[in-house]
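So the chains spell out like this:
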Amino acid sequence: MTCESAAEPAWRSYGVRRRSTTAVRLRVSAALVAVTVLAVLLVPPLVRLDQQTVDLGSKLLPPGWAHPFGTDDLGRDLLLRCVYGLRISLLVGVAAALVATVIGTAVGATAGALGGWVDQGVMRVVDTIASVPHLLLGIFIVAMFRPGVWPVVVSVALTHWLSTARIVRAEVLSLRSRPYIDAAVSGGASRWRVAVRHLLPAVLPRAALAAVLMVPHAMWHESALSFLGLGLPTHMASLGNLVQGGRSSLLAGQWWPTLFPGLFIIVPTLAVAGLAGAWRERIDPRRRSELML
Amino acid sequence: MNRLPWAAMARLAGRRLLFFVPVLLIVTFGVFAIAAASPFDPVKAYAGTAAFGSDARTLERLRENLGVDQPFTSRWWHWLTAALGGDLGQSSVMRQPVAQVIGERLVWSSLLCGAAFVVAVLTGTVLGVLAARRPGSALDRAVTSLTYSLEAAPVFWLALLAVWLFALRSGVLPAGGLTDTASEQVTFSQVAGHLVLPTGVLAVSQLPWFTLYVRQGVGDALAEDPVRGARARGVSERTVLLGHALRSGLLPVLTLVGSRVPELITGALLVESVFSWPGIAAATVEAAAAVDFPLLAALTTLATAAVLVGNLLADLLYGLFDPRVEFRDM
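This section reports on the structure supplied with the text. (Residues numbered from 1 in each chain as written. Chains lettered and ligands numbered in written order. Predicted model: local features only at pLDDT ≥ 70, side-chain atom pairs only at ≥ 80, totals over all residues. Heavy atoms only, no water.)

### Some thoughts on the overall build of chain A
Assigned secondary structure in chain A consists of 10 helices and zero strands. Listing each helix as α and each strand as β along chain A from the N terminus yields α-α-α-α-α-α-α-α-α-α. Burial statistics for chain A: of 293 residues in total, 47% are counted as buried. Of the contacts made within chain A by residues no fewer than 6 positions apart, 68% connect residues no fewer than 24 positions apart. Counting only carbon and sulfur atoms, one obtains 67% of the accessible surface of chain A, whose full area is about 13,800 Å². (Helix = DSSP H or I, 4+ residues; strand = E, 2+ residues; numbered from the N terminus. Buried < 20%, exposed > 50% of the residue type's maximum accessible area, 1.4 Å probe, protein only. Contact = heavy atoms within 4.5 Å. Areas by Shrake-Rupley, 256 points an atom, 1.4 Å probe, with all protein chains shown as cover.)

### A word on the layout of surface pockets
All names here are of chain B. Estimates place the volume of the second largest pocket at around 1,000 Å³. Lining the second largest pocket are 31 residues, and of these Pro42, Leu66, Gln90, Phe293 and Pro294 sit closest to its centre. Elements with a contribution of two residues or more to the lining of the second largest pocket: α1 (6-37), α2 (42-47), α4 (56-66), α5 (72-84), β1 (90-91) and α14 (293-321). Counting residues per element, the lining of the second largest pocket draws most heavily on α5, at five residues. Grouping the constituent residues of the lining of the second largest pocket by class yields 17 nonpolar, nine polar and five charged. (1 Å grid on protein atoms, 1.4 Å probe; cavity = no way out; pocket = protein on both sides within 12 Å on 5 of 7 lines; lining within 4 Å. Points joined across faces, edges and corners; volume = space filled by probe spheres on them. Nonpolar A, V, L, I, M, F, W, Y, C, P; charged D, E, K, R; others polar.)

### What to know about the environment of A:Val102
All names here are of chain A. Looking at the secondary structure, you find valine 102 in helix α3 (residues 78-114). Overall, valine 102 belongs to the exposed group, its relative accessible area being 58%. It is 8.1 Å that separates the C-alpha atoms of valine 102 and tryptophan 161, two residues lying 59 residues apart in sequence.

### Looking at the packing of aromatic side chains
Enumeration over the complete set of coordinates arrives at 15 aromatic pairs over all chains. A ring pair is formed by A:Trp255 and A:Trp256, whose centres lie 5.5 Å apart and whose planes are at 90°; its orientation type is edge-to-face. Exposure remark for A:Trp255: the relative accessible area of 28% places this residue in the partly exposed category. Of the residues examined, A:Trp256 reaches a relative accessible area of 7% and is grouped as buried. Ring pairs connect the aromatic residues A:Phe69, A:Trp255, A:Trp256, A:Phe260, A:Phe264 and B:Trp164, which therefore count as one cluster. (Phe/Tyr/Trp six-rings, centres within 6.5 Å; stacked < 30°, edge-to-face > 60°.)

### Considerations on the nonpolar core
One recurring pattern in soluble globular proteins: nonpolar side chains tend to sit buried together. Of all hydrophobic cores here, the largest spans 105 residues; its most connected members are A:Ile139, B:Leu270 and B:Phe293. When residues of this core are assigned to their parent elements, the largest contribution, 12 residues, is made by helix α9 (residues 188-222) of chain B. Look past the residues within four positions of B:Phe293 in its chain and what remains in contact with it is A:Phe140, A:Met144, B:Val31, B:Phe32, B:Ala35 and B:Phe40. One finds A:Trp161, A:Val215, A:Leu239 and A:Phe260 within the second-largest nonpolar core, a separate group that totals 26 residues. (Core = buried A, V, L, I, M, F, W, Y, C linked by side-chain atoms within 4.5 Å.)

Structure, rendered in structure tokens:
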């Protein structure tokens, strides 16, 4: 390989091609997110199939026409169970991300707007909590409060608001020196009014982006807890519980009860990351668009 | 290399170690506060099913003996002073002192994490360089897509699939544990064989970020003037890539390794559980399932300390490798 072909042209053609791949990626991601949301919203009410229907005569069937993902050890259709599992995982993920975003925005905005020792103190606390590994803290909280839906949501929310708080604080700090804030202050606006009317709306797009990106994280966290037997109760078949449930079949040699629930975690994660990457490129075009996870 | 700035490094380390103290104090305090706010009752946990049959007087005495009637702040202080003396309490699920549990299991966790990190760094470097060599090429896209998919994949799921593929289908590797169940002694070859799968999975879970950082670092270095100059002088592509771009692109990434301890601990928690690896991460999960508070509190503190040490290591390496950074400023 000569150096000419290796250096400049590669970078240049990369730049040209990037635009088209970005568009393709955006469309694929949007389509996947749409399919996921539609499946989660529409399949349960429309399809008159009970995901709990036990049919021991057709247990552990490999993927085929009647059951595209096969059946589990009780003869339940895995595709249907995965859709229901995604529904539960997504619900928990969205709830946790919402709680975390509200906490993070409130803390970050307060720290950034007040500044001084409040800011220093709050950010030290954030640093301290951040030095406990997320999953470990989550496991500790769930262990103390016993597994259940709310402990899981709280455990995920309490470990995920830190990054939002940092992002919002940094944004508020950079906004504070803008002329329109000065204008509002010299116009006699109170601290509270400046924060709520001028700072918060400017910060929201970034907080919303962080919230969207947090949903896959929260799903991941929930499924890890559920997999360890510390998450949702087993009758709530979330994706993590499905993977855990497929474990015994896997050890007997049947791979499909484990494989498909995992794919149901990966695909939405990648799709959301692709969408969020495109969105970030729109609100912050200087930064190069990379998939964000 | 020039003489290392030992004095400056020691000062930075000393300053950071002073900072560790309040962090660990707050974390342990928080752990006790969460436990106090939770419905968890140490007396019932201690008495087990016997609590149902015993009268209120006995339970009250037990409450007093365990010190549960005191506020959690004084219990925290009591635990802290005992912990400084090496007494971390008694683990109910392991039926031995917490300090002993940690002492026996820490070595296996360190072995697993260390091996996984080495594998991840080596593989990540190779993949990152291959991808960075021709950005936008088929190879680059393949590596990038693979890393993003791996990043999105749950570790425990990868671990289960690895067990299925390598232990059940082909039977080349053991599915879990430290040694074969029949074996009485812990021998080197046994441990090495059982180490392969957990190490591989943990390494794969750490691979994505490292590969992407190396790709970014080497890719940026390839676009810089020193590389262009080297190419203009007719230096071979191999030397340009490995001697110039990799050296300047990899060093900043290597310093990040210390700051990835939280992710490593998260991965270890899941991998050790799947493979029944007798490390402290698997013990954490067992302790959580049995609500073994003394063990959980100690392990949470230990993990936090590991994260802090990792961060310190990252800062020290960063200051060493980047001559523009002064230790005084950190």
